[in-house]
Amino acid sequence: MPGERRGNSKPWIKKAEEDYEAARTLARKRRVNLPNVVCFHAQQCAEKYLKALLVSRRVYFPKTHDLLELLSLAVLHDSALELLRPSLASLNPYAVLFRYPGEHATLTEARRAIQRMRYIRERLRQSLGLSS
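Parameters at a glance
Residue positions within a chain follow its written sequence, with the count starting from 1. Restriction of local features to residues with pLDDT of at least 70 applies here, the model being predicted, together with a cutoff of 80 or more for giving and counting side-chain atom pairs; totals for whole chains, interfaces and linings are based on all residues. Think of the side-chain values as coming from all heavy atoms in the structure, minus any hydrogens and water. Basic side-chain nitrogens of Lys or Arg form a salt bridge, by our definition, when they fall within 4 Å of a carboxyl oxygen of Asp or Glu. Helix numbers and strand numbers start at the N terminus; a helix is a DSSP run of H or I with at least 4 residues, a strand a run of E with at least 2. Any residue under 20% of the maximum accessible area for its type is buried, any over 50% is exposed, and the rest in between are partly exposed; the area is computed with a 1.4 Å probe on protein chains only. In these notes, a set of buried Ala, Val, Leu, Ile, Met, Phe, Trp, Tyr and Cys residues joined through side-chain atoms within 4.5 Å is what counts as a nonpolar core. Note on contacts: a residue pair qualifies if any of its non-hydrogen atoms lie within 4.5 Å across the two residues.

A. Broad picture of the pattern of salt bridges. Evaluated as defined, the whole model comprises nine salt bridges. Between Lys-14 and Glu-18 there is a salt bridge, with its nearest N and O atoms 2.9 Å apart. Taken together, the positions of Lys-14 and Glu-18, both in helix H1 (residues 10–27) and four residues apart, correspond to about one turn of that helix. Taking the relative accessible area as the measure of exposure, Lys-14 reaches 54% and is therefore exposed. Salt bridges sharing common partners tie together Lys-14, Lys-15 and Glu-18.

Right, dumping it as structure tokens:
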């Protein structure tokens, strides 16, 4: 999607919604618990919604998974987004760190990641002029 960094935010929103649904679906699994994957998709949902917002504002962003770096660009156009910083900071490690051996998310962390993802999604959808 590098060519989508400017202009149409719809492809970013579509991908963000896929991560949103994946996280929610996997979090409901009772037989097989996948907290690492739930947390990863929660982070990805937030990342793609931030990128959608930046695209909609025609703000160039580097190729990064760092939610706080993306937030620093977004707050230049909407200072109220600063309220997302704690939630974004909590999801930030799940982009890479928890995808490889050595780090493991707990079920409690996965539940918190889902809550934060929902909050971030709702706020960014409002900023994009979308319904919740």
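Having seen the model, we can carry on.
B. Highlighting the nonpolar core. Core analysis: the biggest nonpolar cluster contains 38 residues, and Leu-81, Leu-88, Leu-91 and Leu-124 have the highest contact counts within it. Sorting the residues of this core by element identifies H1, helix H2 (35–56), helix H3 (67–74), helix H4 (85–91) and helix H5 (107–127) as the ones contributing at least two each. Take this core: its biggest share by element is 11 residues, from H2. Apart from the residues lying within four places of it in its own chain, the contact partners of Leu-88 are Ala-46, Leu-50, Leu-67, Leu-68, Leu-71 and Ile-120.

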